[in-house]
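Chain residues, written in single-letter form:
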Amino acid sequence: MSKFGFKLTPSGTINYDQGDFRLAEFIDQHEPSSRLCISCGACSATCTGGAFAKLEMHKIHLFIKRGMSDNVKTQIQNCMYCGKCQLVCPRGVNNRNVIRLILTHFKI
Amino acid sequence: MTTLKYQTVIIGGGVAGMAAATELHKSGSKVVLIEGNKKLGGQVNNWYKVFPNFRPASEIVNSLSTNLLKDKIPVLLETSITHIESNSGNYILKSNQGQVIEAETVLLATGFNTFDPSGKEEYGYGIYPNVLTSVELEQRLKTNTNGISPKRIALVHCVGSRDEKVNRLHCSKVCCVSAVKQAIELKEFYPNAEIICLYMDLRMYDNGFEELYRDAQLQHNIKFIRGRLSECALNIEKDLVLKIQDTLAGLPMKLTVDQLILMVGKEAHQLPQFDESIIIEKASHGFIKPADSHLNPNTTSQPGIFCCGTTSGPKTIQETISDARSASLAVCDYLNKK
């Protein structure tokens, strides 16, 4: 039988009704300052790890809130724990604790 | 028929008209306030509480109308001006009640209307019962008649504002902070529901607005999604399914809500009919264009006719009252020089 090279591609839509919000609830409960993120991107711009690999802290906040935990798990492994993301945050988000909680949640 | 004579006729008994009437009276001008409805207060009567401090809107209306009563300022209710013409430097106004009023100056405080979203069919207003406007929500909050037990409610910003598709290019200024205020009120009403604001930009420009936004995030856990609603439809369970673009994640998004609140924008209220010789210039958004937006914000293109409040564009209540007081100075200045 000939192979045509067809394959199923996963949906590119955020399905908010079926997201995995376990990580979101865990972080919201233990670090409510995470609610204050407005995706300004200051954290990602200053990120030491992000200069070398895929790591955008503001996107991590967003992925958590949209129930897209898989993306968080991949990116967080590039973090070098320098804490600059917290120093620059204009909204006072405790990013170091958010990262610690993500690592705890995924048992990394 | 006798002609009533005043120095200044104020058209519109909302907060702008009431504030201006009191100021003009204080400076010794003989003034009359004309209102088309049965009671004073205008659009503010439709609000339950106002931003940023959740003060009851009725408090503001009552305070201003008490001043009018105390000073015995003449008020004509259920009266609309149907025609205005100029007559040797003065103005002759005719009302629907048959009165003829002669005045040296006219102060337009006709205010605004809210955008009717039924033309934007993709938002489902007038089609699905759980889609309502921010003004209708205020009424329901006031009378405690929202009557649903929602799991999730979304508020859509910029409905009838900043939208070329409905020929409304301007920003209505107050909807951003109004949405944040209503989101908090809804959360207090339904503590277990998820309240989401769908916004394009959040313009928290005045004192206390940014603080209210922070409060909404931190204390009330209101969710903010940056994206514009493209479509609202019903699923088989009769829930509202929203399709939006999450512009921060850079992905399309789908979510179900139980109720959708449309933050309707402001548009210019119709002005009275003027005689051909009277020319009142309007800006591109349909509101009156002041002679000089920085230095003479209350002077129109017609000498002797002034504007105040939202007649010259969207404003908060605070800005409206300040503008009305500034207008009364402009009117006094004109009367003194006459």
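Keep in mind that what you see is a predicted model, and the values were worked out from it rather than measured. In this convention, every chain numbers its residues from 1, walking through the sequence in written order. Written order decides the labels, with chains lettered from A and ligands numbered from 1. Local features in this predicted model are restricted to residues whose pLDDT is 70 or higher, and side-chain atom pairs enter the listing and the counts only when it is 80 or higher, whereas totals over whole chains, interfaces and linings include all residues.

A word on the pairing of strand E13 (residues 223–226) of chain B
All names here are of chain B. One bridge is not enough; two strands pair if DSSP finds at least two bridges between them. Starting at the N terminus, helices and strands are each numbered in turn, a helix being any DSSP run of H or I of at least four residues and a strand any DSSP run of E of at least two. For strand E12 (residues 194–199) and E13, the ladder comprises four bridges, and the chain directions are parallel. Residue pairing across strands places Leu198 opposite Ile225, the latter belonging to E13. Since E12 and E13 lie parallel, the crossover through helix H5 (residues 209–218) that links them has a hand, and here it is right-handed. Here is how to tell: hold the view so the strands point away, follow the path from the first strand over the helix to the second, and if it runs clockwise the crossover is right-handed.

Things to note about the environment of B:Lys181
Looking at the element boundaries, B:Lys181 is found in helix H4 (residues 175–189). When the C-alpha positions of B:Lys181 and B:Tyr213 are compared, they lie 8.5 Å apart, and in sequence the two are 32 residues distant.

Overview of the confidence of the model for chain A
When pLDDT is low, close inspection of the predicted coordinates is not appropriate. pLDDT runs from 0 to 100 and stands for how confident the predictor is about each residue. Looking at chain A, the pLDDT average stands at 92 and 99% of residues meet or exceed 70. The least confident element of chain A, judged by mean pLDDT, is helix H2 (residues 42–46) of chain A at 90; the most confident is helix H1 (residues 22–30) of chain A at 97.

Focus: the domain arrangement of chain B
All names here are of chain B. What counts as a domain boundary in this text is fixed by an automatic or database domain assignment. Domain annotation for chain B reports domain 1 (3–111 + 269–337) and domain 2 (115–264). Each of domain 1 and domain 2 was reduced to a C-alpha centroid, and the two centroids are 32 Å apart. Domain 1 puts ten residues into the contact, and the matching count from domain 2 is 17 residues. Note on residue classes: Ala, Val, Leu, Ile, Met, Phe, Trp, Tyr, Cys and Pro are nonpolar, Asp, Glu, Lys and Arg are charged, and everything else, Gly too, is polar. Looking at the side of domain 1 that touches domain 2 residue by residue, the classes come out as five nonpolar, four polar and one charged. In this description, any two residues whose backbone-derived C-beta atoms lie within 7 Å of each other are considered to be in contact.

Remarks on helix H3 (residues 57–65) of chain A
Residue and element names in this part refer to chain A. Burial within H3 is extensive, with nine of its nine residues counted as buried. Exposure is read from a count of other C-beta atoms within 10 Å of each residue's own; the residue is exposed at 12 or fewer, buried at 20 or more and partly exposed in between. C-beta atoms are placed from the backbone. Turning to H3, its buried residues are Met57, His58, Lys59, Ile60, His61, Leu62, Phe63, Ile64 and Lys65. Packing partners of the buried residues in H3 comprise H1, H2, helix H4 (69–76), helix H5 (84–88) and helix H6 (95–106). Positioned one or two residues after H3, Gly67 has a phi angle of 75°, which is positive.

Brief notes about the interface of chain B and chain A
Of the residues lining the interface, 13 residues belong to chain B; the matching set on chain A comes to twelve residues. Sorting the residues of the side of chain B that touches chain A by element identifies H5 and strand E16 (251–257) of chain B as the ones contributing at least two each. Per-class residue counts for the side of chain B that touches chain A are seven nonpolar, three polar and three charged. Of the pairings in the sheet, the one linking strand E1 (residues 14–15) of chain A to E16(B) comprises two bridges and is parallel in character. In the strand pairing of E16(B), A:Asn15 is matched with B:Lys254.

A closer look at the sheet that holds E1(A)
Sheet architecture is open: four strands sit in the order E1(A)-E16(B)-E15(B)-E14(B), paired in mixed fashion. The open sheet has two edge strands, E1 of chain A together with strand E14 (229–234) of chain B, and neither has a second partner. The sheet contact formed by strand E15 (residues 240–246) of chain B and E16(B) spans seven bridges and is antiparallel. Bridging across to E16(B), B:Asp246 finds its partner in B:Leu251.

Notes on the packing of H4(B) against H5(B)
All names here are of chain B. Orientation is described by lines fitted to C-alpha atoms, with helices fitted over the stretch in contact, and by angles between N-to-C directions that extend from 0 to 180 degrees. The contact between H4 and H5 brings their axes to 10 Å, and the two run at 35°. Where H4 crosses over H5, the two elements pack in a sense that is left-handed. Note on element contacts: H5 touches H4 through Phe209, Leu212, Tyr213 and Ala216, opposite Val177, Val180, Lys181, Ala183 and Ile184. Each residue belonging to the contact of H4 with H5 can be placed in one class, and the counts come to eight nonpolar, no polar and one charged. In a left-handed crossing the near helix is turned counterclockwise from the far helix by less than a right angle, and in a right-handed crossing that turn is clockwise.

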